[in-house]
Amino acid sequence: REQAEAAKASFMAAYNIAFAVASEATRATETLEIAAPDHGGEGVRGTLPQLHPSQSNAPDCEKMFDTMGYGPLQKFWDDTSTGVDGQKCFQKYADDTAPLLLKHLQTASRSPAAKAGADTVVVAGHAVFLNAVALATLQAMQGNAETVDTLMKLELGEAEGIELSVTYERGAWVPAITHVKA
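Residues numbered from 1 in each chain as written. Predicted model: local features only at pLDDT ≥ 70, side-chain atom pairs only at ≥ 80, totals over all residues. Heavy atoms only, no water.

**Remarks on the overall build of the protein chain**
At step 1: A tally of regular secondary structure across the protein chain gives eight helices and five strands.
At step 2: Here the C-alpha radius of gyration of the protein chain, 16 Å, is about what a compact globule of 182 residues would show, namely 16 Å.
At step 3: When its C-alpha atoms are laid out on the principal axes, the protein chain stretches across 50 × 40 × 30 Å.
At step 4: Residue pairs at least 24 apart in sequence account for 68% of intrachain contacts in the protein chain once pairs closer than 6 positions are excluded.
At step 5: When the accessible surface of the protein chain is totalled, it reaches about 9,600 Å², and 49% of it is carbon and sulfur. (Helix = DSSP H or I, 4+ residues; strand = E, 2+ residues; numbered from the N terminus. Rg over C-alpha atoms; globule rule 2.2 N^0.38 Å. Contact = heavy atoms within 4.5 Å. Areas by Shrake-Rupley, 256 points an atom, 1.4 Å probe, with all protein chains shown as cover.)

**Side note on the packing of helix α1 (residues 2-10) against helix α2 (residues 26-35)**
At step 1: One way to put it is that α1 packs onto α2 with a least axis distance of 8 Å and a crossing angle of 35 degrees. As for how α1 packs across α2, the hand of that crossing is right-handed. Across from Ala4, Glu5 and Lys8 in α1, the residues of α2 making contact are Thr31, Ile34 and Ala35. (Axes fitted to C-alpha atoms, helices over the stretch in contact; angles between N-to-C directions. Left-handed = near helix turned anticlockwise from the far one by under 90°.)

**Concerning the nonpolar core**
At step 1: Counting residues in each nonpolar core, the largest one holds 35 residues, and the members touching the most others are Phe90 and Tyr93.
At step 2: Sorting the residues of this core by element identifies β1 (17-22), α3 (59-68), α4 (73-78), α5 (86-109), α7 (127-140) and α8 (145-153) as the ones contributing at least two each.
At step 3: The dominant element in this core, judged by the number of residues it contributes, is α7, at ten residues.
At step 4: Other than its neighbours up to four places away in sequence, tyrosine 93 contacts Gln50, Leu51, Ser56, Ala58, Cys61, Phe129, Ala132 and Val133.
At step 5: Judged by nonpolar contacts, the second largest core, of 15 residues, contains Ala35, Ala36, Val122 and Val180. (Core = buried A, V, L, I, M, F, W, Y, C linked by side-chain atoms within 4.5 Å. Buried < 20%, exposed > 50% of the residue type's maximum accessible area, 1.4 Å probe, protein only.)

**Thoughts on the pairing of strand β4 (residues 161-169)**
At step 1: As judged from the nine bridges shared by β4 and strand β5 (residues 172-180), these two strands associate in the antiparallel manner. From the neighbouring strand, tyrosine 168 faces β5, where its bridge partner is tryptophan 173.
At step 2: With antiparallel pairing between neighbouring strands as the criterion, β4 and β5 make up a hairpin whose turn holds two residues, including arginine 170 at a positive phi of roughly 50 degrees. (Pairing = 2+ DSSP bridges.)

**Let's talk about the packing of α7 against α8**
At step 1: With their axes 10 Å apart at the nearest point, α7 and α8 run at an angle of 175 degrees to one another. It follows that α7 is roughly antiparallel to α8 by the angle criterion. Every residue of α8 that contacts α7 at Asn131, Ala134, Leu135 and Leu138 is listed here: Thr147, Val148, Leu151 and Met152.
At step 2: Looking at the contact of α7 with α8 residue by residue, the classes come out as six nonpolar, two polar and no charged. (Parallel < 35°, antiparallel > 145°, perpendicular 65-115°, else oblique. Nonpolar A, V, L, I, M, F, W, Y, C, P; charged D, E, K, R; others polar.)

**What to know about the packing of aromatic side chains**
At step 1: Scanning all chains against the criterion turns up six aromatic pairs.
At step 2: An aromatic cluster of three or more residues is present, and its members are Phe65, Tyr70, Phe76, Phe90, Tyr93 and Phe129. (Phe/Tyr/Trp six-rings, centres within 6.5 Å; stacked < 30°, edge-to-face > 60°.)

**Describing α5**
At step 1: With 24 residues, α5 extends 33 Å from end C-alpha to end C-alpha; this agrees with the ideal 34 Å at 1.5 Å per step.
At step 2: Its axis deflected by about 30 degrees at alanine 98, α5 carries its strongest bend there, up to four residues before the proline proline 99.
At step 3: Among all positions in α5, only Gly86, Cys89, Phe90, Gln91, Tyr93, Ala94, Thr97, Leu101, His104 and Ala108 are buried.
At step 4: Its side-chain oxygen placed 3.2 Å from the backbone nitrogen of glutamine 87, aspartate 85 serves as the N-cap of α5. (Expected span 1.5 Å × (residues − 1). Bend = angle between axes of the 7 residues up to and from the residue. Polar contact = N/O pair within 3.5 Å; in protein donor to acceptor, adjacent residues only side chain to side chain.)

Structure representation (structure tokens):
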């Protein structure tokens, strides 16, 4: 709870939230309720069970996480000690989760908050699994190699996040990654 309060005070309060989604895990939903309140009922909130590793049909990802603990996505892609192809299994996790998240994003785009100018979607997930979802989003947006590299090396702690912002430059959408933390 203290970490979620710190996240709210240090970076979450700055966002104009149109939609917030979390896995079904109690810790994720509680963090979301504290750090990203629905701003007077105008924001939309939801759950996406597949964000939780145990609900996502990603046993190899879970095996790696249980063995290796926290770390950046690159650590999982490079590791061979578990006998699991980290790149393949985390890419599959992200590919399986992304279309479901897209449905939530479509809902967010029609929300009263979005129509009133809210421009931020918050996804509360789990450790390196959140990095994998951010990577799938970057890939869909055709993020450049430098931005992907930044994401691959980013290690999330408790109640920290990945800000994926987008600007329009010279006729193209350009994504950027920032590690946000209290």
